[in-house]
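Secondary and tertiary structure notes
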Amino acid sequence: MALAARQAPPAQAPAARAGGRGRLAWLRASSRRLTGERSFLRYATGVAALLPLLALVGIVAILAAKAWPAMKLNGAGFFWRSVWDPGNTYGAPVKTDGVLHPVGAHYGALPLIVGTLASSAIAVLFAVPLSIGAALAVVEKLPRRASHVLGMFLELLAGIPSVVFGLWGILTLGPVLSRDVYPAVASIMPDVPVLRFFRGDTGYGEGLMTAGLVLGVMIIPIVAATTRDLLRQVPVLTKEGAAALGMSDWEVASKVSIPWVRAGMIGASVLGLARALGETMAVAMVSGSLLGTVPANLYGKMGTIASTIVQQLDGAFSDGTGFAVRTLAEFALLLAVITLLTNIAARLLVRKVAATALPVGRGV
Amino acid sequence: MTSVRAPATAAPRRADVPAIVEAGIRGVSMQVQDLALGFGSATVLSGLDLEVRRGEITALIGPTGSGKTTFLRSLNRMNDKVAKHWHRGDVLLNGASIYAPGAQLMALRRRVGMVFQRPNPFPMSIAANILAGVKAHRIAGKEHYRDIVEARLREVGLWDAVSNRLNSSPFSLSGGQQQLLCLARALAIGPEVLLLDEPTSSLDPVTTENIEAMARSLVPALTVVIVTHNLGQARRISDRTVFFYQGKMVECAETAQLFEDPREPETARYVTGRMG
């Protein structure tokens, strides 16, 4: 419409003749005058707009088609079984319900679902408070130059390949934590629900906690940068209002600034969560790659869906029946669904929170 | 301040205080002594001496950029956080310097409240807005919260409009109602002095009239300092008016006198509309 408007000189616009309804009539007329070039533009933008939808539907559909035989055979029990048995890939394959598979092939997803959700939860719980602190420091406390430098480091951190994080996790962070931190934490934790998982064997640094913390460090740049941009949008007048009421800097931040951006904060956390859920390489390196068993405590070896897919793919190709690959496709589909559900949940949460918090409507 | 904390026997008795000192303390709420302030290399205000009288409304008028808002913000130290802020001279509240080392900033802001140019409700419920300062200063226990909210909203005439939605967002209120809410919020912590920074500049005439009437009703219990671009407003509500021009205080007088018989030629030009 902007194009059409620019080309039609105001004097020729029928608006002057048609009076009150003129504007609409003129718009309609100008849209009839669409030339071929402009209608091409319209279709091109339409296709571009549909592309993300087509990509999503396409990927899910192809995965589902690929995974369908595995879904049939693994059944609903797939989601709560703790087992990983590719079966006898050297023996003669058998056919069950029309699906060819090696004898004794048996898969369950529970350990990987738990591993994926738990490691990502640790990552978010670790990264979000730190990110808020970093963002508050950058926006409120640090002098301009220092906040520039910190912002630059955040962006650099975001650009480091995940394999580097993985290597750091397995060579440095894991050993240090398992030697100096985990035993101390495990020894002081009481035997009560939730905290119980902090007790027990602390291992050698490969496992759920280390994976979660490495993931946490990896998502800090995303969450912190988003939070920083959000906090910059909190109106000075509102913050001054809080300060003028005699609130301390901490109270201004916690009672006013952070609530002001809380809907956006949830969005930022979900961005980080989505990255953590799907992160593959770093987790594959520090998780300990345990299959078929839910870790007994927070330090136990584990695997996530993404890390297991990449680690098992090579072996899966040695299954001549293709059943192992189809099962991995089922895992991939499961991961896509988990990520999707997380996003939807976040959207609902944002809507609910925004209803009471954000200045919508007649904000001055 | 120190005498309050001293044992009762050591505190000077009222009768011992010379009558003239007592009168002075009672009459002057805030005293500005040779104040100069600015940001970086810029000097915004200089050579300011002023007494803000207790229980009166003092209006600060002057063209844009004359430094009246900056001055107002120096009375509760809101300039402190502005980059490269500096000041010389002093401001006394009840005879004690608010800039003295060890002066409690939070306590100062409890005693000197402020309402801003535009409504600035916090992102919390209407009731929580009223209670924000009450909670920050731990003024009252939880059991009093309901009463405080109702009393303050009634005080600003907002109770009937919002009593059925105390827990909803303040951003659904009109601009005028939001400003009244901010006024109620400032009053809830029981300040001695209330600073109003062009509180009606974004409001309609009816709400403006409302707020003016409210300001009048606050004195003499409170001391009010108001910055306004609206000369009619200064004339209507203030007891004394101070005219600022180019970072200096040109004239300070009883409102009627300043408007009808100004001493200084600049004041005359401003109040008669020949300079704005």
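Quick caveat, the model's predicted, so the values are computed rather than measured.

**Considering the overall build of chain A**
A count of helices and strands for chain A gives 14 helices and four strands. A burial count over chain A gives 41% of its 364 residues as buried. For chain A, the accessible surface area stands at approximately 19,400 Å², while carbon and sulfur atoms represent 68% of it.

**Remarks on the interface of chain B and chain A**
Taken residue by residue, the interface counts 30 residues in chain B and 27 residues in chain A. Here chain B meets chain A over a buried area of about 2,300 Å², counting both sides, of which 62% is carbon and sulfur. Taken as a group, B:Phe122, B:Pro123 and B:Phe171 account for 27% of the area that chain B buries against chain A, more than any other trio of residues on that side. Connecting chain B to chain A are two salt bridges. Linking B:Lys81 and A:Asp249 is a salt bridge whose minimum nitrogen-to-oxygen distance equals 3.3 Å. One can count six residue pairs in polar contact (both at pLDDT 80 or more) joining chain B with chain A. Those elements that provide at least two residues to the side of chain B that touches chain A are α4 (105–111), β6 (112–115), α5 (126–136) and α8 (175–187) of chain B. Among the elements that line the side of chain B that touches chain A, the one with the most residues is α8(B), at four residues. Within the side of chain B that touches chain A, the residues separate by chemical class into 16 nonpolar, nine polar and five charged.

**Observations concerning helix α11 (residues 262–278) of chain A**
The terminal C-alpha atoms of α11(A) lie 24 Å apart, and with 17 residues this matches the ideal 24 Å at 1.5 Å per residue to within 8%. Every buried residue of α11(A) is accounted for by A:Ala263, A:Met265, A:Ile266, A:Ala268, A:Ser269, A:Val270, A:Gly272, A:Leu273, A:Ala276 and A:Leu277.

**Notes on empty space enclosed by the protein**
A complete count under the given rule lists one cavity of 30 Å³ or more for this structure. By volume, the largest cavity is sized at about 40 Å³. In terms of lining residues, the largest cavity is bounded by A:Gly241, A:Ala244, A:Leu245, B:Met114, B:Phe116, B:Asn120, B:Cys182, B:Arg185 and B:Ala186. Of all the elements in the fold, those that place two or more residues in the lining of the largest cavity are α9 (236–244) of chain A together with α8 of chain B. Residues that form the lining of the largest cavity fall into these classes: six nonpolar, two polar and one charged.

**Structural notes on the environment of B:Gly47**
All names here are of chain B. Mapping Gly47 onto the fold places it in strand β2 (residues 42–53). Separated by 200 residues in the primary sequence, Gly47 and Gly247 place their C-alpha atoms 8.9 Å from one another. Each residue touching Gly47, except ones within four places of it in the same chain, is listed here: Asp34, Leu35 and Ala36.

**Thoughts on the confidence of the model for chain B**
The predicted coordinates ought not to be read in detail in places where the model reports low pLDDT. Residue and element names in this part refer to chain B. Across chain B, the average pLDDT comes to 88, with 90% of residues at 70 or higher. Every residue in residues 1–17 scores below 50 in pLDDT, and together they form five contacts with partners more than four places removed in sequence or on other chains. In the predicted assembly, ipTM is 0.86 and pTM is 0.78.

**Section: the sheet that holds strand β1 (residues 28–39) of chain B**
Residue and element names in this part refer to chain B. Sheet architecture is open: four strands sit in the order β2-β1-β4-β5, paired in antiparallel fashion. Each edge of the open sheet carries a strand with a single partner, namely β2 and β5 (96–97). Looking at chain direction, strand β4 (residues 85–93) and β5 are connected through two bridges and run antiparallel. Counterpart to Leu92 in the pairing with β5 is Ser97.

**Re unusual backbone geometry**
Following B:Val219, the chain continues into B:Pro220 via a peptide bond in cis, with omega recorded as 5 degrees. Looking at the secondary structure, you find B:Pro220 in the loop between α9 (205–218) and β8 (223–227). Even without being glycine, A:Val194 reaches a positive phi, approximately 70 degrees. Inspection of the secondary structure puts A:Val194 in the loop between α7 (162–188) and α8 (208–232). Its relative accessible area of 59% is what places A:Val194 among the exposed residues. Look at B:Asn94: it is not a glycine, yet its phi comes out positive at around 50 degrees. Residue B:Asn94 is classed as partly exposed on the basis of its relative accessible area, which comes to 29%.

**With respect to the layout of surface pockets**
What the largest pocket holds in volume is close to 1,100 Å³. Of all the secondary structure elements, the ones that give two or more residues to the lining of the largest pocket are α5 (110–141), α6 (144–159), α8, α9 and α10 (249–260) of chain A together with α4 of chain B. Of the residues belonging to the lining of the largest pocket, the class tally is 19 nonpolar, five polar and 15 charged.

**Considerations on the side chain of A:Ser147**
Residues and elements named next belong to chain A. Here Ser147 shows up in helix α6. With relative accessibility at 9%, the residue Ser147 sits in the buried group. Discounting chain neighbours no more than four positions away, the residues touching Ser147 are Val138 and Leu142.

**Some remarks on the pairing of strand β9 (residues 240–245) of chain B**
Residues and elements named next belong to chain B. By the criterion of burial, β9 is predominantly enclosed, with five of the six residues buried. Pairing of β9 with strand β10 (residues 248–254) involves six bridges; the strand directions are antiparallel. Bridge pairing in β10 places Tyr245 opposite Lys248. What sits between the antiparallel neighbours β9 and β10 is a turn of two residues, in which Gln246 has the positive phi angle 50 degrees.

**Remarks on the nonpolar core**
Counting 66 residues, the largest nonpolar core has A:Tyr107, A:Met209, A:Leu213, A:Val261, A:Ile305, A:Phe331 and A:Leu334 as the members making the most contacts within it. Secondary structure elements with two or more residues in this core: α5, α7, α8, α10, α11, α12 (281–286), α13 (305–316) and α14 (323–357) of chain A. Ranked by residues supplied to this core, first place goes to α8(A) with 14 residues. Not counting the four nearest positions on each side in its chain, A:Tyr107 is found in contact with A:Asn74, A:Phe78, A:Arg81, A:Val83, A:Trp84, A:Asp85, A:Pro86, A:Phe323, A:Ala324 and A:Thr327. Listed in part, the 48 residues of the second largest apolar core include B:Trp159, B:Leu166, B:Ala234 and B:Val250.

Rules used throughout
- Residues numbered from 1 in each chain as written.
- Chains lettered and ligands numbered in written order.
- Predicted model: local features only at pLDDT ≥ 70, side-chain atom pairs only at ≥ 80, totals over all residues.
- Heavy atoms only, no water.
- Helix = DSSP H or I, 4+ residues; strand = E, 2+ residues; numbered from the N terminus.
- Buried < 20%, exposed > 50% of the residue type's maximum accessible area, 1.4 Å probe, protein only.
- Areas by Shrake-Rupley, 256 points an atom, 1.4 Å probe, with all protein chains shown as cover.
- Contact = heavy atoms within 4.5 Å.
- Buried area = accessible area lost by both parts, 1.4 Å probe.
- Salt bridge = Lys/Arg side-chain N within 4 Å of Asp/Glu carboxyl O.
- Polar contact = N/O pair within 3.5 Å; in protein donor to acceptor, adjacent residues only side chain to side chain.
- Nonpolar A, V, L, I, M, F, W, Y, C, P; charged D, E, K, R; others polar.
- Expected span 1.5 Å × (residues − 1).
- 1 Å grid on protein atoms, 1.4 Å probe; cavity = no way out; pocket = protein on both sides within 12 Å on 5 of 7 lines; lining within 4 Å.
- Points joined across faces, edges and corners; volume = space filled by probe spheres on them.
- pLDDT = per-residue confidence, 0-100.
- Pairing = 2+ DSSP bridges.
- Core = buried A, V, L, I, M, F, W, Y, C linked by side-chain atoms within 4.5 Å.

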